[in-house]
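# Commentary on secondary and tertiary structure
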Amino acid sequence: MRLLGLVALALLALLVPAAGSVAAGDAPRVLAVEFENDVNPVTAGYLIGQIERANDDGYDAVAILLDTPGGLSESMRDITKAELASRIPVIVYVWPDGARAASAGVWIGQAADVLAMAPQTNLGSSTPVMAGGGDIPQDLRRKAVNDAAKSLRALAEEHGRNGDWAEQAVRKASNLTAREALERNVIDVVAPDLPTLLDEIDGTRAPSRDLVLHTAGAEVATVEMSLWKRILDVLIDPNIVTLLLSLGVLGITVELLHPGLIFPAAFGGISLVTGLYGLHVLPVSWAGIALLLLALGFFAAEVVVTSHGALALAGAASFAVGALMLFDPAGPGYQVSLPVAITVAVVLAALLALVGRKALLARRMRPATGAEELAGEAGVVRQRLAPEGLVFVHGELWRARLEHGAALDEGEPVSVVRLDEELVLVVRPVGEASSAGPSGPRQPAPTPTEGAPSVR
């Protein structure tokens, strides 16, 4: 009997941990998505992708850890649609302390099944503004404000929250602390951390749909934006887009002026395509694009037309104004900095004006190679010209013939008129060549030493 009792105790000891592991395996799973960004197409794609992942991978809920100043309305609408379409509960938690859910962040919060805040956070200030932060003209403002106010009220009331305050957030830019928001039924919970929040909301029912939250003791998997998404987020910064476009134009221009360098064309092409990605992602002004293209035309003309810098100056002005206007439709958070626009425009104008000047000087220079180089060169007769013979020019012996006259004796100085089709130099005495060539007659070449080049 004692032996049987020991065996039973041993079996019990084995079964208890196994039962515990089964219970642990049944713990609810929550995907926590960190969102400490502004709202734009890149960050919206990241957040929507994580909501879909939580649905597809069988999580019991998805929690968005929100800290945002707002952003683009179209991206915000995409996120709220994904929240409303989610088959599992969506929790928005304004976190950590010091975080905020401003502007578009309020819509993201009100679209959630549970909206919670850490104690030292705030939300609100959702009034629509013009690009650049100014007030919208009166008639257009009335339409934009009414649309936004009713949109936010609908989200709040459908989730059992204060619709009146939602309208005030739009019409009067109302902003609340976490405690004030809880007292006025703007949010559902104030919690110091995510585990406390998940325990507190366990068993609650989402007012807008037949969903009960099972989150107590949940296993939390936390995700954040990947490095690639962060790089894309940086690349749509309007200042970065402007720099990339300008570097692209500059690199390709240098390659066109100096074919074969390869690196400027490769670097310029990569910069230009990367900059165009920003133009594709963000809403842009066609007037701004037109001004940038006009600036490109002015810069290109500066290289081939003698304008003494006037075209470069016009291009700089067009580029600066176009850059400032380029992202107007994206709103105040997506404007090109004035110092950046002016600096890039001035640098581009200065570089292209320098290139234009160099090109002009190159066109005015005497040819340095070929038959044209020999015109005007001075030489010495080495075999009597009667009228053909040999002359020493440019360190070489050439067959030559006189342009005028019957003969010239050995040692007489001559000036080259041209090189004919038979590669014979046509020469004249130095006294007759005072007007030959832009530089006038040159001094006779030194007497060739032994081993001088063979006759041409």
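Residues numbered from 1 in each chain as written. Predicted model: local features only at pLDDT ≥ 70, side-chain atom pairs only at ≥ 80, totals over all residues. Heavy atoms only, no water.

### Digging into the environment of Asn 55
The cut-off we apply is this: Helix numbers and strand numbers start at the N terminus; a helix is a DSSP run of H or I with at least 4 residues, a strand a run of E with at least 2. By the convention used here, residues are in contact when the closest approach between their heavy atoms is within 4.5 Å. N or O atoms closer than or at 3.5 Å make up a polar contact, with two conditions inside protein: a donor-capable atom paired with an acceptor-capable one, and, for residues adjacent in sequence, both atoms drawn from side chains.
Structurally, Asn 55 is set in helix H2 (residues 41-56). Expressed as a C-alpha distance, the spacing of Asn 55 and Pro 89, which sit 34 residues apart in the sequence, is 9.4 Å. Look past the residues within four positions of Asn 55 in its chain and what remains in contact with it is Ser 86, Arg 87 and Ile 88. A polar atom in the side chain of Asn 55 sits 3.1 Å from the side chain of Ser 86.

### Concerning the sheet that holds strand S12 (residues 378-383)
Spelled out, the test is: A pair of strands is treated as paired once DSSP finds two or more bridges between them. In this analysis an axis means a line fitted to C-alpha atoms, helices contributing only their contacting stretch, and an angle means the value between N-to-C directions, from 0 to 180 degrees.
On the basis of which strands lie adjacent, the closed barrel formed by five strands has the order S12-S13-S14-S16-S15 and mixed pairing. Ignoring which end each strand starts from, the neighbouring axes of this sheet average 55° apart. Bridge analysis of S12 against strand S13 (residues 388-393) gives four bridges, and the strand direction is antiparallel. Residue pairing for S13: Gln 383 is matched across the bridge by Leu 390.

### Focus on the pattern of salt bridges
How we decide: Whenever a carboxyl oxygen of Asp or Glu lies within 4 Å of a side-chain nitrogen of Lys or Arg, that contact is scored as a salt bridge. Each residue is assigned to one of three classes by its accessible area relative to the maximum for its type, calculated with a 1.4 Å probe on protein chains only: buried under 20%, partly exposed between the two thresholds, exposed over 50%.
Under the defined criterion, the tally for this structure stands at 15 salt bridges. Between Glu 167 and Arg 153 there is a salt bridge whose closest N-O contact spans 2.6 Å. Pair noted here: Glu 167 is in helix H6 (residues 163-171) and Arg 153 is in helix H5 (residues 138-158), with a separation of 14 residues, a long-range link. For the residue pair Glu 167 and Arg 153, the accessibility class agrees, reading buried in each case.

### Observations concerning the pairing of strand S5 (residues 114-117)
Every second residue of S5 is oriented toward a common face, with Val 114 and Ala 116 on one face and Leu 115 and Met 117 on the other, all of them buried. Relative to S5, strand S3 (residues 90-94) is paired through four bridges, and the arrangement is parallel. Bridge pairing in S5 places Tyr 93 opposite Ala 116. Pairing of S5 with strand S8 (residues 189-190), which is carried by two bridges, proceeds in the parallel orientation. The partner of Met 117 across the bridge, within S8, is Val 190.

### A look at the packing of helix H10 (residues 238-257) against helix H11 (residues 263-281)
We count it as follows: Under this scheme an angle from 65 to 115 degrees is roughly perpendicular, one under 35 degrees roughly parallel, and one over 145 degrees roughly antiparallel; angles in between are oblique. Working rule for handedness: look at the near helix, and if it is turned counterclockwise from the far one by less than a right angle, call the crossing left-handed; if clockwise, right-handed. Residue type decides the class: Asp, Glu, Lys and Arg count as charged, Ala, Val, Leu, Ile, Met, Phe, Trp, Tyr, Cys and Pro as nonpolar, and the leftover types, Gly among them, as polar.
At a minimum axis separation of 7 Å, H10 and H11 run at an interaxial angle of 150°. Taken together, the axes of H10 and H11 lie roughly antiparallel to each other. By crossing handedness, the relation of H10 to H11 is classed as left-handed. Contacts between H10 and H11 pair Val 241, Leu 244, Leu 245, Leu 247, Gly 248, Gly 251, Ile 252, Val 254 and Glu 255 from the former with Pro 264, Ala 265, Phe 267, Gly 268, Gly 269, Ser 271, Leu 272, Thr 274, Gly 275, Leu 276, Gly 278 and Leu 279 from the latter. Residues that form the contact of H10 with H11 fall into these classes: 12 nonpolar, eight polar and one charged.

### Focus: the nonpolar core
Cut-off, in case you're wondering: Put simply, buried Ala, Val, Leu, Ile, Met, Phe, Trp, Tyr and Cys residues joined by side-chain atoms within 4.5 Å make one nonpolar core.
One finds Ile 64, Leu 123, Ile 187 and Phe 327 to be the most contacted residues of the largest nonpolar core, which totals 81 residues. Among the elements that line this core, the one with the most residues is H2, at seven residues. Setting aside residues up to four positions removed in sequence, Phe 327 forms contacts with Pro 238, Val 241, Gly 278, Leu 279, Leu 282, Pro 283, Val 284, Tyr 334, Gln 335 and Val 336. With 18 residues, the next largest nonpolar core counts Ala 61, Ala 63, Val 114 and Leu 194 among its residues.

### Some details on the side chain of Gln 50
Here Gln 50 shows up in helix H2. What makes Gln 50 buried here is its relative accessible area of 15%. The residues touching Gln 50, leaving out its near neighbours within four places in the chain, are Leu 31, Val 33 and Val 223.

### Regarding the environment of Arg 230
Structurally, the position occupied by Arg 230 is in helix H9 (residues 227-235). For Arg 230, a relative accessible area of 40% puts it in the partly exposed group.

### Quick word on H2
Our working rule: Between the first and last residue of a helix there are one fewer steps than residues, each counted as 1.5 Å, and that sum is the expected span.
Here H2 is 16 residues long and its end C-alpha atoms lie 22 Å apart, about the 22 Å a rise of 1.5 Å per residue gives. The set of residues buried in H2 consists of Val 42, Thr 43, Ala 44, Tyr 46, Leu 47, Ile 48, Gln 50, Ile 51, Ala 54 and Asn 55. Two to three positions downstream of the cap, the backbone nitrogen of Val 42 sits 2.9 Å from a side-chain oxygen, assigning the N-cap of H2 to Asn 40. Immediately downstream of H2, the backbone of Gly 58 shows phi near 75°, a positive value.

### Examining the packing of aromatic side chains
Convention followed: Classification of ring pairs rests on two measures: the distance between centres of Phe, Tyr or Trp rings, Trp counted by its six-membered ring, which must be within 6.5 Å, and the angle between planes, read as stacked under 30 degrees, edge-to-face over 60 and tilted in between. In this scheme, the term charge over a ring applies when either NZ of a lysine or CZ of an arginine sits within 6 Å of the ring centre and within 35 degrees of the ring normal.
Across all of its chains, the model carries two aromatic pairs by this definition. Over the aromatic face of Tyr 59 sits the side chain of Arg 29, whose NZ or CZ is 4.0 Å from the ring centroid.

### Concerning the confidence of the model for the protein
Counted only if it meets this: pLDDT expresses how confident the predictor is about each individual residue, on a scale running from 0 to 100.
For the protein, per-residue confidence averages 83 on the pLDDT scale, and 82% of positions sit at 70 or higher. Across the protein, the secondary-structure element scoring lowest on mean pLDDT is helix H1 (residues 2-25), at 46, and the one scoring highest is strand S2 (residues 61-66), at 98. Here residues 14-24 scores under 50 on pLDDT; set against residues more than four positions off or in separate chains, the count is one contact. Here residues 433-456 is modelled with pLDDT under 50, and outside its nearest four sequence neighbours on either side it reaches 42 contacts, counting other chains as well.

### Quick notes on the sheet that holds strand S7 (residues 175-177)
Across the sheet, three strands lie side by side as S4-S6-S7; this open sheet has mixed pairing. The sheet is open, and its two borders are formed by strand S4 (100-102) and S7, each paired with just one other strand. Adjacent strand axes in the sheet meet at a mean angle of 15°, parallel and antiparallel pairs treated alike. Taken together, the three bridges between strand S6 (residues 122-124) and S7 define a ladder with antiparallel strand orientation. The partner of Leu 123 across the bridge, within S7, is Leu 176.

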